[in-house]
Amino acid sequence: MASTGENKKVGVLGLGRMGTALAGALLGAGHDVVVWNRSPLKAGPLLDRGARLAATPAEVAEAGVVLSCLSTYDTQQPVLDEMTPSVLVNLTSGTPEQARGVAKWAASRGIDYVDGVIMAVPQGIGTPGARILYGGSATAFAAQRDVLEVLGEPVFLGEDAGLAALYDLALLGIMWSTMSGYLHALALVGTEGVPPERFTPMALSWLSAVGGFLPGIGAQVASGEYTTDVSALDINAAGLKLLVETSREQGISTAVPAPLAELFGRAVAAGHGAHAIASVIEEIR
């Protein structure tokens, strides 16, 4: 993505795969990039492209905006304690409460704080398919939007600094559940010699159909009205029991479907048997 504003001095903390990709995209857009990493040798390729290496985190803080992309919040905080940038954009992965904790720390130092989560792999940074979710200071987000647009599509969720991490983990939960279900399916059909390349096209078609149910499920959750004339929960709970039994019979683990069967069973026991699948959220809550 090309820069849409004047070139700025931008600092980057952390040069793992993602931090390096962030710094590289900023350099490609013509920004003046200063980097810091605990192991300075990692900066070599970026220095060849025009980046400058800071000796300390405090030196990075001289940039107009600092992006932090370190491995954990525990390793990040001692680094942040050494600096007081004007604007901090935190792209370190963590929980909503961790993000809110850094927001409080930043406020105590007069730092404008934006928390972000990257919905892309390092190779996707700076491409049209990259998306980064942000929460925190609306003023800082607007002021630095030209920098953030270089990295990927910036989506501002609100002034709660924990919202981006909350969305991130919620979306990743969908991804992990889907991939786990797919792997279980491959293991299941694989017991009868069905190869992935034969099964996967049908799985993709099925996922497309299932995705079409989500708006309706969301509407039911929003209204709290779970009546259905399609597929009641008790039918789906019975189907899950069959999946667990079949997995045992075929000699594979029930680690994926068994917890779902237990959850759906609890929802039925709570009186939602004749309701839609959306009613399971009452047990999750």
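Throughout, a residue's number is its position along its own chain's written sequence, starting from 1. Selection of residues for local features in this predicted model requires a pLDDT of at least 70, selection of side-chain atom pairs for listing and counting requires 80 or more, and totals for whole chains, interfaces and linings are taken over all residues. The side-chain values count all of the structure's non-hydrogen atoms but skip hydrogen atoms and water molecules.

## Re the packing of aromatic side chains
Next up, step 1: Pairing of aromatic rings covers Phe, Tyr and Trp, the last through its six-membered ring, and needs centres within 6.5 Å; plane angles under 30 degrees mean stacked, over 60 mean edge-to-face, and all others mean tilted. Tallying each qualifying case throughout the model produces 2 aromatic pairs.
Next up, step 2: Residues Tyr134 and Phe141 carry aromatic rings whose centres are separated by 5.5 Å and whose planes lie at 50° to one another, so their mutual orientation is tilted.
Next up, step 3: Joined through ring pairs, the aromatic side chains of Tyr134, Phe141 and Phe156 make up one cluster.

## Describing helix H4 (residues 73-80)
Next up, step 1: Of the residues making up H4, those classed as buried are Tyr73, Gln76, Val79 and Leu80. An end-on view of H4 places all buried positions within 120° of arc, on one side of the element. Buried residues are those whose accessible area, probed at 1.4 Å on protein chains only, stays under 20% of the maximum for their type, while exposed residues exceed 50% and partly exposed ones sit between those limits. Strands are runs of DSSP state E lasting at least two residues, helices are runs of H or I lasting at least four, and both sets are numbered from the N terminus onward. Each C-beta atom gives one direction from the helix axis, and the arc is the one those directions make.

## Remarks on the packing of helix H8 (residues 163-190) against helix H9 (residues 196-211)
Next up, step 1: What counts as an axis is a line fitted to C-alpha atoms, over the stretch in contact for a helix, and the angles between N-to-C directions run from 0 to 180 degrees. Direction vectors running N to C along H8 and H9 enclose 140°, while the axes themselves pass 11 Å from each other. With respect to their mutual orientation, H8 and H9 come out oblique. Relative to H9, H8 is oriented so that their crossing is right-handed. Counted together, Thr178, Tyr182, Ala185, Leu186 and Val189 of H8 and Pro196, Phe199, Thr200, Ala203 and Leu207 of H9 form the full contact between these two elements. We call two directions roughly parallel when the angle between them is under 35 degrees, roughly antiparallel when it is over 145, roughly perpendicular when it lies between 65 and 115, and oblique otherwise. Two helices that cross are described as forming a left-handed crossing if the nearer one is turned anticlockwise from the farther one by less than a right angle, and a right-handed crossing if clockwise. Residues count as neighbours in contact if any of their non-hydrogen atoms are within 4.5 Å of one another.

## Some details on the pattern of salt bridges
Next up, step 1: Salt bridge, as used here: a side-chain nitrogen of Lys or Arg that lies within 4 Å of a carboxyl oxygen of Asp or Glu. The final tally for this structure, using the stated rule, is 9 salt bridges.
Next up, step 2: Across the pair Arg100 and Glu97 runs a salt bridge whose closest N-O atoms are separated by 2.5 Å. Residue Arg100 and its partner Glu97 are both found in helix H5 (residues 96-108); the two are separated by 3 residues, about one turn of the helix.
Next up, step 3: In this structure, the salt-bridge partner of Arg285 is Glu282, at a minimum N-O distance of 3.4 Å.
Next up, step 4: Since its relative accessible area comes to 63%, Arg285 is described here as exposed.

## Focus: the nonpolar core
Next up, step 1: Here the nonpolar core consists of buried residues drawn from Ala, Val, Leu, Ile, Met, Phe, Trp, Tyr and Cys, with membership extended through side-chain atoms lying within 4.5 Å. Leu26, Val89, Tyr134 and Leu151 are the most contacted members of the largest nonpolar core, which has 33 residues in total.
Next up, step 2: Looking at this core, the element that brings in the most residues is helix H1 (residues 17-28), giving 7 residues.
Next up, step 3: With residues up to four places along the chain from it excluded, the contact list for Val89 reads Val65, Val66, Leu67, Ser68, Val114, Tyr134 and Leu148.
Next up, step 4: Within the second largest apolar cluster, 21 residues are counted, among which are Leu13, Val34, Val60 and Trp105.

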